[in-house]
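Chain residues, written in single-letter form:
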Amino acid sequence: MALPTAISLKSQLDLFCIPCDDDSVLERSEYLTCRVSLFKRRSVLNKKSKFKSSQKKEESYNRTMDINTLQDLIKAEEEEENLLDSYSTPAKGSQKRPLTTPEHPQSKRSAALLASPGLLLSPASFSPNATPSQKYNQRGAKGEVVVTFGAPQGTRWSGRKTPAAGVHVDLLEGPEDSLRCSYKFMFQRLRDVRNVLSEKIEDLGETIRSHFHIEEFSSVSLPAQDSITVSGQICCDSNGKLNAQSVLLEAGPEHGGQQVSVDLSELKEYSLFPGQVVVMEGMNTTGRKLVASKIYEGVPLPFYSSDIKTEADEVTEPLNVLVACGPYTPSDSLTFDPLLDLISVIIRDRPDVCLMLGPFVDSRHEQIEKGQVTETFEAIFSRCIESIVDGTRSVGCHLVFVPSQRDVHHPVIYPQPPFILPHLNKSQTQRITLVSDPCTLLIDGVTFGLTSTDILFHMGAEEISNGSGSDRFSRILKHMLVQRSYYPLYPPAEEVNMDYEKSQSFAQIPLTPDVLIVPSELRYFIKDVLGCVCLNPGRLTKGQVGGTYGRLLLQRSAAPEGGQRRSPCVSAQVVKI
């Protein structure tokens, strides 16, 4: 039934010759009509709310309103009260909410919802059953330093006085020679993969030959009564893991391209993994087994040196760099509390550069795997990045974002193209650098090698060694540097989708970096390997509990006259969040 209006009411009064000249009666009728309409609307809402409350108690107890829903409800409530105010005279001393005008731009209740960047990461925005992780909130030893490198005594872990003053973050090889956008994959031919692997064997073999002054290489399949020198790639003779009895050496096409079994019994020490290019000396009297007596593993590349000398090369302020690797949520909740705690650390320490490595939206998270989210993965990621950018605006630090193979919203291919952030404005993008995985950066004259792929875990499961005095981490890192690749393992782990042609172009180490960032599920560490400071900062969360992050203090100095290089890394630490 339609509600009566003021005009229809007046016409009915005229029909019965009842005079009605007072406009207040008509105003009052309109007011009553409005009240009846609002009463009906609220009764419908009450019925809906009672219907929802009859559902499961646990679900209704844990459900929190989305921030956008709260804003809509508050706005609707203000509009209703303003509408009622226009039809009635407010009582003396009534406490109505002020109208939204230039003099009163926003109510305090609405403004409070947008006061903190943490509200952008409200768990109810992502999952209907999100509750804060109790184990994470109850963690101990917050801010404890667990690993120290260099000279930390008297070190001030704070950035320069002026936010990001004079900090230059660039790709080492320039945009034209770096992976800057997405590309088509899953179109590899076996012939192309073979060509890439053959070129790697020939290039690294020739480098080793010229460095150790080896005359020439022999064929791996021809019998010889004298000691020979051969080059090739380490392989396994089966589908299982490599062991001392299953080692094969596969030569390049220029030396026959065949495989020969390798006997390691006469070697006092060795460290081998599938895909490693080596040069071996030994006896091969039958042409079917090489008894190795010596192994040449490879030669590292030189460090970066600038040909242009400036005043900044002589006197520079220390550079403070913070390094963090995802996931940024506990495994039992989609709350971004660890990320918010990291933003608080950034505000407190004010680093010059923050290296943020994925995953940001972890594909291994239980609620992500089961699809228990209320927004798209891209929306969750965008809100996460906006919170980082807005939360660190007062600091002014430069942000570098590196994708991960575990980022559910990003192409899962190696090498991985950088993120795309179309919603950021120009002022925000000026202090943001989006890079690929892997990449090599030049930050104020200091070279950084970055990869978010867990190469330590993958190679650690495949490497075999005997009699080596160094620890496993140092051996794997040395292999990366002398093999000149961010991912020298072949075949790769099952979770890594390798594009070999792109890997040949964008996943090689162009020089020995001053700092190599290799986050891993394995234990955090800081090591000096062949003059390169290698840092595993750990992950910001480890399951349901808090993890760690890293920080470095860098001081670039002029090259001494004697030519002796000095590492720019003055001090480094791994700290619990």
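Our structure's up above, just so we're on the same page.
Everything numeric in this text was worked out from a predicted model, so none of it was measured. (Residues numbered from 1 in each chain as written. Predicted model: local features only at pLDDT ≥ 70, side-chain atom pairs only at ≥ 80, totals over all residues. Heavy atoms only, no water.)

Q: Teacher, can you tell me more about the overall build of the protein here?
A: Of the regular secondary structure elements, the protein holds 14 helices and 22 strands. Expressed as a percentage of the 577 residues in the protein, the buried residues total 46%. Intrachain contacts of the protein at a sequence separation of at least 6 include 74% that bridge at least 24 residues. Accessible surface, the protein as shown: approximately 30,000 Å² in total, 52% of it carbon and sulfur. (Helix = DSSP H or I, 4+ residues; strand = E, 2+ residues; numbered from the N terminus. Buried < 20%, exposed > 50% of the residue type's maximum accessible area, 1.4 Å probe, protein only. Contact = heavy atoms within 4.5 Å. Areas by Shrake-Rupley, 256 points an atom, 1.4 Å probe, with all protein chains shown as cover.)

Q: Which parts of the structure should I look at to understand the side chain of Thr433?
A: Looking at where Thr433 falls in the secondary structure, it is placed in strand β12 (residues 432-434). Beyond its immediate sequence surroundings of up to four residues, Thr433 is in contact with Val169, His398, Leu399, Val400 and Phe401.

Q: Hey, could you run me through unusual backbone geometry in this one?
A: Trans peptide bonds make up the majority, and among non-glycine residues the majority have a negative phi. In this model, Gly326 is joined to Pro327 through a cis peptide bond whose omega is 10°. Here Pro327 shows up in the loop between β9 (319-325) and α8 (337-349). Cis geometry is found at the peptide bond from Tyr414 to Pro415, where omega equals -5°. Tracing the sequence through the fold places Pro415 in the loop between β11 (398-402) and α11 (426-429). Positive phi, close to 55°, is recorded for Ala141, a residue that is not glycine. Inspection of the secondary structure puts Ala141 in the loop between α6 (134-137) and β1 (145-150). A positive phi angle is found at Arg350, which is not glycine, with a value near 55°. Mapping Arg350 onto the fold places it in the loop between α8 and β10 (353-357). By relative accessible area, Arg350 is classed as partly exposed at 35%.

Q: Can you walk me through helix α13 (residues 472-483) in this structure?
A: At 3.6 residues per turn, the α-helix brings residues three or four places apart onto the same side. In this model, α13 (twelve residues) spans 16 Å end to end at C-alpha, consistent with the 16 Å of a helix rising 1.5 Å per residue. Of all twelve residues making up α13, ten are buried, and the element is well covered by its neighbours. The backbone nitrogen of Phe473 has a side-chain oxygen 3.2 Å away, supplied by the residue at the start of α13, namely Asp471. (Expected span 1.5 Å × (residues − 1). Polar contact = N/O pair within 3.5 Å; in protein donor to acceptor, adjacent residues only side chain to side chain.)

Q: In this structure, what is going on with the pattern of salt bridges? I would like to understand it.
A: One side chain can pair with another of opposite charge once the charged atoms of both are near each other. All chains considered together, the criterion is met by 17 salt bridges. Arg189 is the partner of Asp192 in a salt bridge, and the nearest nitrogen-oxygen pair spans 3.0 Å. On the basis of relative accessible area, Arg189 is assigned to the partly exposed category, the value being 46%. Arg393 is the salt-bridge partner of Asp390, the closest N and O atoms lying 2.8 Å from each other. Owing to a relative accessible area of 26%, Asp390 belongs among the partly exposed residues under this scheme. When salt bridges that share partners are traced, they join Asp362, Arg406, Glu521, Arg539 and Lys542 into one network. (Salt bridge = Lys/Arg side-chain N within 4 Å of Asp/Glu carboxyl O.)

Q: What is the right way to look at the sheet that holds strand β18 (residues 532-536) in this model?
A: Adjacent strands of a sheet form backbone hydrogen bonds with each other and so pair up, either parallel or antiparallel. On the basis of which strands lie adjacent, the open sheet formed by six strands has the order β2-β13-β14-β16-β18-β17 and mixed pairing. Of all the strands in the sheet, the pair left with one neighbour each is β2 (169-171) and β17 (525-529). The sheet shows a mean angle of 25° between the axes of neighbouring strands, taken without regard to direction. Relative to strand β16 (residues 515-517), strand β14 (residues 446-450) runs parallel, the two sharing three bridges. Paired with Leu450 across the two strands is Ile517, which belongs to β16. Against the sheet, α13 contacts β16, β17 and β18, and its axis sits at roughly 50° relative to β17. (Pairing = 2+ DSSP bridges. Axes fitted to C-alpha atoms, helices over the stretch in contact; angles between N-to-C directions.)

Q: Which parts of the structure should I look at to understand the nonpolar core?
A: One broad rule of soluble globular proteins: the nonpolar side chains tend to lie buried together. If you look at the biggest cluster of nonpolar residues, it comprises 36 residues, and the most contacted ones within it are Tyr328, Leu339, Leu342, Met356, Phe360, Phe401 and Tyr549. At the level of elements, β9, α8, β10, α10 (377-391), β11 and β12 are the ones that each hand at least two residues to this core. When residues no more than four places from it in sequence are discounted, the contact partners of Leu342 are Leu322, Ala324, Tyr328, Met356, Leu540, Tyr549 and Ile577. If you look at the next biggest cluster of nonpolar residues, it comprises 32 residues, including Val147, Leu357, Val400 and Tyr524. (Core = buried A, V, L, I, M, F, W, Y, C linked by side-chain atoms within 4.5 Å.)

Q: So what exactly am I meant to see when it comes to α8 here?
A: Over its 13 residues, α8 runs 18 Å from end to end, which matches the ideal 18 Å to within 8%, given 1.5 Å per residue. Along α8, the residues that are buried comprise Pro338, Leu339, Leu342, Ile343, Val345, Ile346 and Asp349. Looking straight down α8, one finds its buried side chains confined to an arc of 155°; they lie on one side. Where α8 is buried, its residues meet α6, β9, β10, α10, β19 (541-542) and β21 (548-554). (Arc of directions from axis to C-beta.)

Q: Just to check I follow, could you spell out the packing of aromatic side chains for this structure?
A: To describe a pair of aromatic rings, you give the distance between the ring centres and the angle between the ring planes. Counted according to the given criterion, the structure contains ten aromatic pairs. For the pair Phe212 and Tyr296, a centre-to-centre distance of 4.8 Å together with 50° between the ring planes defines the contact as tilted. Highlighted residues: Phe212 in the loop between α7 (190-211) and β3 (224-236) and Tyr296 in strand β8 (residues 289-296), separated in sequence by 84 residues. With relative accessibility at 8%, the residue Tyr296 sits in the buried group. Measuring from ring centre to ring centre gives 4.6 Å for Phe381 and Phe419, while their planes differ by 45°; the resulting arrangement is tilted. (Phe/Tyr/Trp six-rings, centres within 6.5 Å; stacked < 30°, edge-to-face > 60°.)

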